[in-house]
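Structural overview
In case you want the letters, here they are:
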Amino acid sequence: MIEQNENRDVGEALPWADVLTGLPFNEQGLVPAIAQQYDTGEVLMMAWMNRDAILETLQHGHVCYWSRSRAKLWRKGESSGQIQMLKEFYLDCDGDTLLLKVDQQGPACHTGRRSCFYNRVSGDRVEVVSAPLIAPDQLYKQSHGAES
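Now for a quick tour of the structure. Note that the coordinates shown come from a computational prediction; the quantities given were computed from them, not determined experimentally. (Residues numbered from 1 in each chain as written. Predicted model: local features only at pLDDT ≥ 70, side-chain atom pairs only at ≥ 80, totals over all residues. Heavy atoms only, no water.)

**Observations regarding the state of the cysteines**
Overall, the coordinates contain zero disulfides when judged by the stated rule. Not engaged in a disulfide, the cysteine C64 finds its nearest cysteine sulfur in C116; these two sulfurs lie 16 Å apart. Looking at C109, it has no disulfide partner, and the nearest cysteine sulfur is the one in C116, 3.8 Å off. (Disulfide = S-S within 2.5 Å.)

**Considering the side chain of S115**
If you trace the backbone, S115 turns up in the loop between β6 (98-104) and β7 (119-122). For S115, a relative accessible area of 8% gives the class buried. At a separation of 2.8 Å, a polar atom in the side chain of S115 contacts the main-chain carbonyl oxygen of V43. What S115 contacts, discounting residues up to four positions off in sequence, is E42, V43, L44 and C109. (Helix = DSSP H or I, 4+ residues; strand = E, 2+ residues; numbered from the N terminus. Buried < 20%, exposed > 50% of the residue type's maximum accessible area, 1.4 Å probe, protein only. Polar contact = N/O pair within 3.5 Å; in protein donor to acceptor, adjacent residues only side chain to side chain. Contact = heavy atoms within 4.5 Å.)

**Side note on the pairing of β6**
Residues L98, L100, V102 and Q104 point to one face of β6 and are all buried, whereas L99, K101 and D103, pointing to the other face, are not buried. Pairing between strand β5 (residues 84-91) and β6: seven bridges, direction antiparallel. Bridging from a neighbouring strand, Y90 pairs with L99 of β6. Count of turn residues in the β5/β6 antiparallel hairpin: six residues, of which G95 carries a positive phi of about 75°. (Pairing = 2+ DSSP bridges.)

**Brief notes about the pairing of strand β4 (residues 72-75)**
Bridge analysis of strand β3 (residues 64-67) against β4 gives four bridges, and the strand direction is antiparallel. Pairing of S67 across the sheet is with K72, part of β4. Count of turn residues in the β3/β4 antiparallel hairpin: four residues, of which A71 carries a positive phi of about 55°.

**Comments concerning the pattern of salt bridges**
This model, assessed by the stated rule, comprises three salt bridges. Among the ionic pairs, E56 bridges to R75, the shortest N-O distance being 2.7 Å. Here R75 lies in strand β4 and E56 lies in helix α2 (residues 51-60), a separation of 19 residues in the sequence. Under the relative-accessibility criterion, E56 is labelled buried at 17%. Judged by relative accessible area, R75 falls into the partly exposed class, the value being 31%. The residue E127 makes a salt bridge to R120 at a minimum N-O spacing of 3.2 Å. Residue classification places R120 among the partly exposed positions, given a relative accessible area of 44%. (Salt bridge = Lys/Arg side-chain N within 4 Å of Asp/Glu carboxyl O.)

**A word on the packing of aromatic side chains**
Tallied over the entire structure, the rule returns two aromatic pairs. Look at W16 and F89: their rings are 6.1 Å apart centre to centre, the planes differ by 75°, and that puts the pair in the edge-to-face class. With W16 in helix α1 (residues 16-22) and F89 in strand β5, this residue pair connects regions lying 73 residues apart in the sequence. For W16, a relative accessible area of 32% translates into the label partly exposed. (Phe/Tyr/Trp six-rings, centres within 6.5 Å; stacked < 30°, edge-to-face > 60°.)

In structure tokens, the structure reads:
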């Protein structure tokens, strides 16, 4: 469906409901989503979204993903307080990858780092290139006091 936009002029559009229906979700009903800091362009993380996560994100502006490990909706920051607020929502040319331009509050990574992409391949090594902003054991205590 989204491919219909390949030869359209700037400003022309397709109905969102039709595009959403035509998204090529995988066999688990998911599509990959890349989160990017809206004002700096920093790539923060990659996660998965299903139809419900997409709709909730667009309706409320607070980014919601699908947690494959917990098999439920994951509202970014619900346990850590490190929320992502949606600024812009894009689809790639095939509609099979989403780009979310967000305003990330604090670290995006569960390790306490700003970005999940802190491992750089350098020759025959994988080098850590950024330190945690918040110690991982403290990250999930911030918004919930004595939670362990």
